[in-house]
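Coordinate inspection notes
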Amino acid sequence: MSLVGVLQRLWRGGAANAHLDTDTDTDTDTDTDTDTDIEADAHDTERWVVMDVETTGLDPARDRLLAIAAVAVQRRGQRLSIMLADSFEAVIRRPDSESTVPDKANILIHGIGIGAQRSGSPAAEVLQGFNAWAAGAPRLGYHVAFDRAVIERAERAERAALGRVPAADWLDLEPVAAITQQRPEQQPLDHWLSVFGIACLQRHQAAADTLATAELLLRLWPAAQAEGARDYAGLKRLVANRRWLRGQSGV
């Protein structure tokens, strides 16, 4: 299911708590802006990328990248918006040289069947397209270290075709949730989706998970602001401070 398809099903299905509309952006601020606010915000913007991947298994050192889905989030002043028209989604073609039989249980989880894998795009083309679309924007996700490891391994495998890959900055939303919601223990994504009542049409499907994670970011943003985060650098400091405190306490 594409990002647009996920969006349309949420809207038509009456998932009011998802705050998604095909004609508007998901917004964290409903106050009426003054002309001065709008002018100031126009000079204080950032583009972030919320993403998710699907793989043939759970081992980032061995399993193959199957799909990437991502959507842009814009910070304009102190407002965050999911930019629904600014998204990326691609399935990677199953290599002809791959002789192993796809795990049917794995396919049932992510929904990318053998036919879809065979009709996907070459890995180098997908990775190149994703990097061009991301355009250097920070990459955010839930437990994003897995996504990063899988993508960087795939990039190394396609080094000859890709050439020099631009450096990317990554941020995990798990510690952001833990800090802002005062829950020191790690929680799975499903926990926070339940806490905030966020609809996800098909868990472990890249497009649906991406939109749910992007909305989670919007829900966490006001509390992150209360902790002193005003931009991406502020979110990074928030996470870094948590790591430092955990290191000091020996947790």
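The sections below set out a description of the structure shown in this document. Note that the structure is a prediction, hence the values are computed from the model and not measured.

The rules behind these values
- Residues numbered from 1 in each chain as written.
- Predicted model: local features only at pLDDT ≥ 70, side-chain atom pairs only at ≥ 80, totals over all residues.
- Heavy atoms only, no water.
- Helix = DSSP H or I, 4+ residues; strand = E, 2+ residues; numbered from the N terminus.
- Buried < 20%, exposed > 50% of the residue type's maximum accessible area, 1.4 Å probe, protein only.
- Lys, Arg positive; Asp, Glu negative; His and termini not counted.
- Salt bridge = Lys/Arg side-chain N within 4 Å of Asp/Glu carboxyl O.
- Axes fitted to C-alpha atoms, helices over the stretch in contact; angles between N-to-C directions.
- Parallel < 35°, antiparallel > 145°, perpendicular 65-115°, else oblique.
- Left-handed = near helix turned anticlockwise from the far one by under 90°.
- Contact = heavy atoms within 4.5 Å.
- Nonpolar A, V, L, I, M, F, W, Y, C, P; charged D, E, K, R; others polar.
- Phe/Tyr/Trp six-rings, centres within 6.5 Å; stacked < 30°, edge-to-face > 60°.
- Lys NZ or Arg CZ within 6 Å of the ring centre and 35° of its normal.
- Polar contact = N/O pair within 3.5 Å; in protein donor to acceptor, adjacent residues only side chain to side chain.
- Expected span 1.5 Å × (residues − 1).
- Pairing = 2+ DSSP bridges.

Bringing the side chain of Glu54 into the picture now. By secondary structure assignment, the location of Glu54 is in strand β2 (residues 45–55). Although Glu54 is buried, it makes no salt bridge; Arg203 carries the closest opposite charge, 6.8 Å away.

Next up on the list: the packing of helix α5 (residues 123–134) against helix α6 (residues 144–157). α6 packs onto α5 with a crossing angle of 120° between their chain directions and a minimal axis gap of 10 Å. Between α5 and α6, the crossing angle belongs to the class labelled oblique. When you trace α5 past α6, the crossing you get is left-handed. Between α5, through Leu127, Phe130 and Asn131, and α6, the contact on the second element is made entirely by Ile151, Ala154 and Glu155. Residues belonging to the contact of α5 with α6 are distributed by class as follows: 4 nonpolar, 1 polar and 1 charged.

Going through the model one piece at a time under the given rule, you end up with 5 aromatic pairs. Measuring from ring centre to ring centre gives 6.1 Å for Phe88 and Trp133, while their planes differ by 35°; the resulting arrangement is tilted. Placement of Phe88 in strand β4 (residues 79–91) and of Trp133 in helix α5 is noted, with a sequence separation of 45 residues between them. A cation over an aromatic ring shows up here: Arg47 above the ring of Trp133, its NZ or CZ 4.8 Å from the ring centre.

Turning our eyes to something else, we now look at the side chain of Thr55. On the secondary structure map, Thr55 appears in strand β2. Only 2.3 Å separates the side chain of Thr55 from the backbone oxygen of Gly57, close enough to count as a polar contact.

For the rest of this paragraph, the subject is the packing of helix α9 (residues 189–196) against helix α10 (residues 206–226). Remark: α9 packs on α10, axes separated minimally by 11 Å, with the N-to-C direction vectors making an angle of 60°. One way to sum up the angle between α9 and α10 is to call them oblique. For the element pair α9 and α10, the recorded crossing hand is left-handed. Across from Leu189, Trp192, Leu193 and Phe196 in α9, the residues of α10 making contact are Ala212, Thr213, Leu216, Arg219 and Leu220. Here the contact of α9 with α10 is composed, by residue class, of 7 nonpolar, 1 polar and 1 charged.

Next up on the list: the pattern of salt bridges. Pairing between side chains of opposite charge can happen when their charged atoms approach one another. Taken as a whole and judged by the stated rule, the model has 10 salt bridges. Asp63 is the salt-bridge partner of Arg62, the closest N and O atoms lying 3.6 Å from each other. According to the relative accessible area criterion, Arg62 is exposed, its value standing at 59%. Across the salt bridge formed by Asp190 and Arg203, the nearest N and O atoms sit 2.6 Å from each other.

Below, the discussion takes up α5. In this model α5 runs 16 Å from its N-terminal to its C-terminal C-alpha over 12 residues, within 8% of the 16 Å that 1.5 Å per residue would give. Taken residue by residue, α5 has Ala123, Ala124, Val126, Leu127, Phe130, Asn131, Trp133 and Ala134 as its buried positions.

On to unusual backbone geometry, then. Backbone geometry at Ala135 places phi at a positive 55°, although glycine is not the residue there. Note that Ala135 resides in the loop between α5 and β5 (139–141). Although it is not a glycine, His143 sits at a positive phi angle of roughly 55°. Position of His143 among the secondary structure elements: in the loop between β5 and α6. Taking relative accessible area as the criterion, His143 reaches 34% and is therefore assigned partly exposed.

Relative to the assigned elements, Glu125 resides in helix α5. Sequence separation of Glu125 and Ala161 is 36 residues, and the distance between their C-alpha atoms is 8.8 Å.

Across the 11 residues of β2, 8 count as buried, placing the element largely inside the fold. Sheet analysis places β2 next to strand β3 (residues 65–76), joined by 11 bridges and oriented antiparallel. Note that in β3 the partner of Glu46 across the bridge is Arg75. In this structure, β2 lies alongside β5, joined through 2 bridges in parallel fashion. Bridge pairing in β5 links Val50 to Leu140.

It is worth stressing that arrangement in space is one thing and function is another; only the former is reported here.
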